[in-house]
Amino acid sequence: MFARTDEEKVLRDPVHGYIHVSLQVVWDVINSAWFQRLRRIRQLGGAYVVYHCAEHSRFEHSLGVYEIVRRMVTEVRDIAEALNEREKVTVMLAALLHDIGHGPYSHALEGVTDTSHEEFTCRIIEEDTEITFILENCSTGLSKEVADVIRHKSANPLLTQLISSQLDADRFDYLLRDAYFTGTTYGEYDLERILRIMRVTDHNQLVVKESGVYAVENYIMARYHMYWQVYYHPVARSYECILHMLFTRLKDMGKDGIQERAYSVFAPLIHGGTISLDDYFKMDEYTFGYGFQCLCECDDPIAADLAGRLRDRRLFTYADSSPQTNRRIRDRLKKEGYDLRYYWGRDEVKQSPYVPYGSDHSGSIFVRGKDGRTMELSNASNIVYSLIHGPGKDDNKVFYPQEIHL
């Protein structure tokens, strides 16, 4: 039996109304230093330079994912009946902690550290941190069970499906939350309807009723439009391009080329190798913002310029990539004295709203027909079938200082 709080805690939320907490272990995790750190990491990385209200953090998103999973395991009858109490607590904690390993600027830092946030997440949960202590103090072995859900190795695959699949609480929350804070409507869909049509098969496979396919189609299209209008916005990608170039410059300079104030902030990234959790805990956007300010005053003109561009939003401009365009831009940059290693970048993104993957369609959405048979979503939806078999979309951009004259 898991300990309950003295009274149910409720946290106001603009997307879900309230976040409900009645488990002591959940409340303890929320109040831990590691979880509070997520307040200092924006949910959308560089997108805040495009959408000025997109200042929301990983903290509120993680609470939102938890709330959706809490509702799934208590209000969706099939899910509630398929899980025992320990599994329900485990998956709620996995939802709450699924982003605990994120670094500053969302996914952009992963390209600098060459380490996924999921790896840091599992380390934070299992490597004798405050989070580990809270989970193990609640129940022996709980930290490993929570981490196993996140690393897709849970003994019950249904737990992983609830927080990491084509139809999961993570996507449910970030689409609605990001749409709200960017002031767009692209990410809106009918969450309540989707929760009502969720079912579980005898093999612990999450499915949806055929009568609710329209709600799922709407959700898929919401995801598609959010990627192209928000997540892949070229201005946000320009910000992240400069971020990568700045860290490339810092690594090339090494310790001797950076003043102590800035070096103390970025040292773990400059050194490379495994980053300790003590150092990783200190990496948030407040700390990095201070580091960028220090770099603006450093002796190296390239590092100072790139840091100033991030601080003051003097971003690179962009153009569609092609051999002819790229050659012209690179030649002009060289002529004007720019080092291409730090002032020319290329980025290609691709996105399909829904692609079944896995030889067994384990990465698919399944629909339960009126006759009781289960089918993959594209066999139940003409819209989804067209999306899968139609032409894909990509966007290949090059980024460079807008001061140059082409």
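Residues numbered from 1 in each chain as written. Predicted model: local features only at pLDDT ≥ 70, side-chain atom pairs only at ≥ 80, totals over all residues. Heavy atoms only, no water.

*Asks:* Please provide a residue-by-residue account of the pattern of salt bridges, values included.
*Replies:* Enumeration over the complete set of coordinates arrives at 28 salt bridges. Glu67 is the salt-bridge partner of Arg70, the closest N and O atoms lying 2.8 Å from each other. Of the two residues, Arg70 and Glu67 both sit in helix α3 (residues 58–75), three residues apart, roughly one turn of that helix. Between Arg71 and Glu75 there is a salt bridge, with its nearest N and O atoms 3.0 Å apart. With Arg71 and Glu75 both in helix α3, this residue pair falls four residues apart, about one helical turn. Its relative accessible area of 18% is what places Arg71 among the buried residues. Here Glu75 falls in the partly exposed class, since its relative accessible area comes to 47%. One network of salt bridges, with partners in common, ties together Arg237, Asp320, Asp347, Asp395 and Lys397. (Salt bridge = Lys/Arg side-chain N within 4 Å of Asp/Glu carboxyl O. Helix = DSSP H or I, 4+ residues; strand = E, 2+ residues; numbered from the N terminus. Buried < 20%, exposed > 50% of the residue type's maximum accessible area, 1.4 Å probe, protein only.)

*Asks:* Describe in detail the packing of helix α5 (residues 85–97) against helix α9 (residues 142–150), supporting the description with residues and values.
*Replies:* Put simply, α5 and α9 touch, their axes get as near as 9 Å, and they point 65° apart. In terms of crossing hand, the pair formed by α5 and α9 is right-handed. Here α5 contributes Arg86, Thr90, Leu93, Ala94 and Leu97 to the contact with α9, which in turn contributes Leu142, Glu145, Val146, Val149 and Ile150. Split by residue class, the contact of α5 with α9 holds seven nonpolar, one polar and two charged. (Axes fitted to C-alpha atoms, helices over the stretch in contact; angles between N-to-C directions. Left-handed = near helix turned anticlockwise from the far one by under 90°. Contact = heavy atoms within 4.5 Å. Nonpolar A, V, L, I, M, F, W, Y, C, P; charged D, E, K, R; others polar.)

*Asks:* Pulling in residues and values, what's your account of the sheet that holds strand β5 (residues 317–320)?
*Replies:* The strand order across the open sheet formed by three strands is β5-β9-β6, and the pairing between neighbours is antiparallel. Either end of the sheet is taken by a strand with one partner, and the two such strands are β5 and β6 (345–350). Averaged over all pairs of adjacent strands, the angle between strand axes in this sheet comes to 30°, irrespective of strand direction. Sheet contacts for helix α14 (residues 234–253): β5, β6 and β9 (394–400); angle to β9, the most-contacted strand, approximately 55°. (Pairing = 2+ DSSP bridges.)

*Asks:* Any chance you could break down the packing of aromatic side chains for me, citing the residues and the numbers?
*Replies:* Inspection of every chain in the model, using the stated rule, returns 23 aromatic pairs. Over the aromatic face of Tyr48 sits the side chain of Arg42, whose NZ or CZ is 3.6 Å from the ring centroid. If you follow Arg330 out to its NZ or CZ, it ends over the ring of Trp344, 4.6 Å from the centre. (Phe/Tyr/Trp six-rings, centres within 6.5 Å; stacked < 30°, edge-to-face > 60°. Lys NZ or Arg CZ within 6 Å of the ring centre and 35° of its normal.)

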